Amino acid sequence: MIIKLAYCEGKGDSIYRQLFNYTNNTDIELISYDEDYYKEKKDSFKLKGSCGARLVPFCAIYNDKKDLIKAFYSETGECTFNNIKEFIDEIRKRTII
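Here the structure is a predicted model, which is why all the values come from computation and not from measurement. (Residues numbered from 1 in each chain as written. Predicted model: local features only at pLDDT ≥ 70, side-chain atom pairs only at ≥ 80, totals over all residues. Heavy atoms only, no water.)

With respect to the secondary-structure elements, Tyr62 resides in strand β3 (residues 58-62). Considering only alpha carbons, one finds Tyr62 and Asn24, 38 residues apart in sequence, at a separation of 17 Å. When near neighbours in sequence (up to four residues on either side) are disregarded, Tyr62 contacts Met1, Ile2, Lys4, Leu47, Ser50, Asp67, Leu68 and Ile69. (Helix = DSSP H or I, 4+ residues; strand = E, 2+ residues; numbered from the N terminus. Contact = heavy atoms within 4.5 Å.)

So, on to the packing of helix α1 (residues 13-23) against helix α3 (residues 81-94). Two elements in contact, α1 and α3, have axes separated by 10 Å at closest approach and are oriented at 25°. Between α1 and α3, the interaxial angle falls into the category roughly parallel. For α1 against α3, the interelement crossing comes out right-handed. In this structure, α1 contributes Ile15, Gln18, Leu19 and Tyr22 to the contact, and α3 contributes Phe81, Ile84, Lys85, Ile88 and Asp89. By residue class, the composition of the contact of α1 with α3 is six nonpolar, one polar and two charged. (Axes fitted to C-alpha atoms, helices over the stretch in contact; angles between N-to-C directions. Parallel < 35°, antiparallel > 145°, perpendicular 65-115°, else oblique. Left-handed = near helix turned anticlockwise from the far one by under 90°. Nonpolar A, V, L, I, M, F, W, Y, C, P; charged D, E, K, R; others polar.)

The next point concerns the nonpolar core. Of all hydrophobic cores here, the largest spans 16 residues; its most connected members are Ile3, Leu19, Cys59, Ile61, Phe72, Ile84 and Ile88. For this core, the elements supplying multiple residues, two or more each, are β1 (2-7), α1, β3 and α3. Once residues within four sequence positions are removed from consideration, Ile3 is found in contact with Leu19, Thr23, Ile28, Glu29, Leu30, Ile31, Cys59, Ala60, Ile61 and Ile88. The next biggest cluster of nonpolar side chains, apart from the first, holds 12 residues, and it includes Tyr33, Cys51, Ala60 and Tyr62. (Core = buried A, V, L, I, M, F, W, Y, C linked by side-chain atoms within 4.5 Å. Buried < 20%, exposed > 50% of the residue type's maximum accessible area, 1.4 Å probe, protein only.)

If you want it as structure tokens, here you go:
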């Protein structure tokens, strides 16, 4: 499972820290893009554009084949650590990832 997160200072950085701690020592790969950092801004826009998101934080979850499973948008208020964690836990219960 691959988790990609786009965030910036004050908008999603706490989600990044929580996801980092949650995925540490697991088989889940966390890839993050800080829009405030020049070299990561392009990748952040590419990630958000692929799913039609405009705001940060934005989180997309992919399977090991790099197919999109679920996206969490700030526009709808669903991009929170608790929502992301609950979804991951539910997926892990149903299948072996």
